[in-house]
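One letter stands for each residue in the lines below.
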Amino acid sequence: MTVGFLFCADPLRPRGVDPHFAAQAQAVRDLGGTVALIDHDALTAGRVEEAVARVPAGFGPVWYRGWMLRTEQYRTLDETLRRRDCHLLTDARAYRTGHELPGWIFSFRHLTPATAVLPMASGEAPPDAERLGRLTAGLGGGFVVKDYVKSRKHEWLEACYAPDLAALERVSARFLELQGEDLTGGLVIREFERFDERQTRVWWLDGEPIFIGPHPDSSDGAFLNPGDLGEAREAVGDLAARFVTTDLARRDDALWRVIEVGDGQVSDWPSGVDPSALAGPLLAARIA
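Below is a summary of the structure that appears in this document. Nothing here was measured: the structure is a model prediction, and the numbers come from that model. (Residues numbered from 1 in each chain as written. Predicted model: local features only at pLDDT ≥ 70, side-chain atom pairs only at ≥ 80, totals over all residues. Heavy atoms only, no water.)

**Focus: the overall build of the chain**
Reasoning step 1: Looking only at helices and strands, the chain has eleven helices and twelve strands in total.
Reasoning step 2: Relative to a compact globule of 288 residues, whose C-alpha radius of gyration would be 19 Å, the chain shows 19 Å and is just as compact.
Reasoning step 3: Seen through its C-alpha atoms, the chain measures out along the principal axes to roughly 55 × 45 × 35 Å.
Reasoning step 4: Expressed as a percentage of its 288 residues, the buried residues of the chain come to 50%.
Reasoning step 5: Considering only contacts in the chain between residues 6 or more positions apart, those separated by 24 or more positions represent 69%.
Reasoning step 6: If you sum the accessible surface of the chain, you get close to 13400 Å²; carbon and sulfur atoms cover 50% of it.
Reasoning step 7: Across the chain, the mean location of the 32 positive side-chain charges is 3 Å away from that of the 43 negative side-chain charges. (Helix = DSSP H or I, 4+ residues; strand = E, 2+ residues; numbered from the N terminus. Rg over C-alpha atoms; globule rule 2.2 N^0.38 Å. Buried < 20%, exposed > 50% of the residue type's maximum accessible area, 1.4 Å probe, protein only. Contact = heavy atoms within 4.5 Å. Areas by Shrake-Rupley, 256 points an atom, 1.4 Å probe, with all protein chains shown as cover. Lys, Arg positive; Asp, Glu negative; His and termini not counted. Charge placed at Lys NZ, Arg CZ, Asp CG, Glu CD.)

As structure tokens, then:
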């Protein structure tokens, strides 16, 4: 039995692959792999049977390569595919582990900025200064605000970075307002650390790095080689997730730190890098 791939369909031409993933799908085909399409819009709208209608019955074990899904959406996808004799090689539990910060933070606690987590529902009133003070009592000065999955780094001073506790109430409230219904899990507050802007993304499969390269947000593809990945390898091995990414950056004191962990299936691939470097190892992965 061979490994297959599920890619998001093009919303305008549903028989084709979404243009963002087209080169990756072609790389899979060029290496002899099989591809099926899912309708991401239908999936996120709750029309799951419609979303998987183009996945052949008996398609077998698959990797998903597509846009981010909420963990509950991914779980529904997993359950629906299993009824079609098709199963995701990253199950719903493992997806949550890699995708949401509470799933990975303990394993990486010594490699990543100090972090406080406040579970919250969308629409819930933002925490006041007193509550934020208690929450961040163990963190140093300067904070980065995000949810379990995303930050609003492009609105850095407005809804992401708070230089001190006095600004944290305003920044947290603005972040929650802008996230709105897209809030995932709750509020995450991380101790601010100053890094080199050249982030490095490491792709891991079954505890081993399969590709080291630039973060996809890099405009020029520049990145630093982190060298020895021993501590990161140990932390990745501690996760109950087969396919993840780690974003690393070098701090001002030259110490390498893990900025973010993500599920590999929904982590973006850097443009300009041959996607066969990812497709090949995934096609050769053991079937579980």
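From this point on, the discussion continues.
**Looking at the packing of helix α1 (residues 22-30) against helix α11 (residues 276-283)**
Reasoning step 1: The N-to-C vectors of α1 and α11 enclose an angle of 50 degrees; their axes lie 9 Å apart at closest approach. Taken together, the axes of α1 and α11 are oblique relative to one another. Here α1 and α11 pass one another in a crossing that is right-handed. On α11, the residues touching Q24, A27 and V28 of α1 are S276, L278, A279 and L283.
Reasoning step 2: For the contact of α1 with α11, the residue count by class is five nonpolar, two polar and no charged. (Axes fitted to C-alpha atoms, helices over the stretch in contact; angles between N-to-C directions. Parallel < 35°, antiparallel > 145°, perpendicular 65-115°, else oblique. Left-handed = near helix turned anticlockwise from the far one by under 90°. Nonpolar A, V, L, I, M, F, W, Y, C, P; charged D, E, K, R; others polar.)

**A short note on the packing of aromatic side chains**
Reasoning step 1: For the structure on display, the rule yields eleven aromatic pairs.
Reasoning step 2: Ring geometry for Y74 and Y95: centres 4.0 Å apart, planes at 5 degrees, overall stacked. Placement of the pair is Y74 in helix α4 (residues 71-82) and Y95 in helix α5 (residues 92-99), with a sequence separation of 21 residues.
Reasoning step 3: With centroids separated by 4.9 Å and ring planes inclined at 45 degrees, the aromatic side chains of F211 and W269 adopt a geometry described as tilted. (Phe/Tyr/Trp six-rings, centres within 6.5 Å; stacked < 30°, edge-to-face > 60°.)

**Thoughts on the side chain of Q265**
Reasoning step 1: With respect to the helices, strands and loops of the structure, Q265 is situated in the loop between β12 (256-263) and α11.
Reasoning step 2: Ignoring sequence-local partners within four residues, the contact set of Q265 consists of W63, Y64, R65, G66, Y74, L88, T90, Y95 and F243.

**Considerations on the state of the cysteines**
Reasoning step 1: By the definition in use, this model includes zero disulfides.
Reasoning step 2: Left unpaired, C86 is separated from the closest cysteine sulfur, that of C8, by 14 Å.
Reasoning step 3: You can call C86 buried: its relative accessible area is 1%. (Disulfide = S-S within 2.5 Å.)

**Description of the pattern of salt bridges**
Reasoning step 1: Enumeration over the complete set of coordinates arrives at 19 salt bridges.
Reasoning step 2: With its nearest N and O atoms 3.7 Å apart, the salt bridge here joins R93 to D91.
Reasoning step 3: Where salt bridges share partners, they join E193, R251, D253 and R257 into one cluster. (Salt bridge = Lys/Arg side-chain N within 4 Å of Asp/Glu carboxyl O.)

**With respect to the sheet that holds strand β10 (residues 208-214)**
Reasoning step 1: Ordered in space as β10-β9-β11-β12, the four strands form an open sheet in which the pairing is antiparallel. Of all the strands in the sheet, just β10 and β12 have a single pairing partner and so form its edges. Ignoring which end each strand starts from, the neighbouring axes of this sheet average 25 degrees apart.
Reasoning step 2: Of the pairings in the sheet, the one linking strand β11 (residues 243-250) to β12 comprises seven bridges and is antiparallel in character. Looking at β12, one finds that T245 is bridged to G262.
Reasoning step 3: Here α5 sits on the sheet and contacts β11 and β12; the angle it forms with β12, its principal contact strand, is near 150 degrees. (Pairing = 2+ DSSP bridges.)

**Topic: the environment of A137**
Reasoning step 1: Within the secondary structure layout, A137 lies in the loop between α7 (129-135) and β6 (143-146).
Reasoning step 2: The exposure class assigned to A137 is exposed, which follows from its relative accessible area of 64%.
Reasoning step 3: Sequence separation between A137 and L165 is 28 residues; the distance between their C-alpha atoms is 10.0 Å.

**Description of a negative patch on the surface**
Reasoning step 1: Together, D228, E231, E234 and D238 line one region of the surface with negative charge.
Reasoning step 2: Topologically, E234 is positioned in helix α10 (residues 230-238). (Patch = residues over 30% accessible without salt bridge, like charges linked within 9 Å, V, L, I, M, F, W, Y side chains within 5 Å.)

**Here's the deal with the nonpolar core**
Reasoning step 1: By size, the foremost hydrophobic cluster in this structure holds 22 residues, and its most contacted members are L6, V55, Y64, L77, L81 and L88.
Reasoning step 2: At the level of elements, β1 (4-8), β2 (34-38), α2 (40-44), α3 (48-51), β3 (60-65), α4, β4 (86-88) and α5 are the ones that each hand at least two residues to this core.
Reasoning step 3: Sorting elements by how many residues they give to this core places α4 first, with three residues.
Reasoning step 4: Other than its neighbours up to four places away in sequence, L6 contacts A36, I38, V55, F59, V62, W63, Y64, R65, L81 and L88. (Core = buried A, V, L, I, M, F, W, Y, C linked by side-chain atoms within 4.5 Å.)

**With respect to the environment of D263**
Reasoning step 1: Topologically, D263 is positioned in strand β12.
Reasoning step 2: D263 sits in the buried class, given a relative accessible area of 1%.
Reasoning step 3: Distance from D263 to R65, taken between C-alpha atoms, is 10 Å for residues 198 residues apart in sequence.
Reasoning step 4: Those residues in contact with D263 that lie beyond four places of it in its chain are T90, Y95, G98, H99, F243 and V244.

Coordinates in, geometry out; function isn't part of it.
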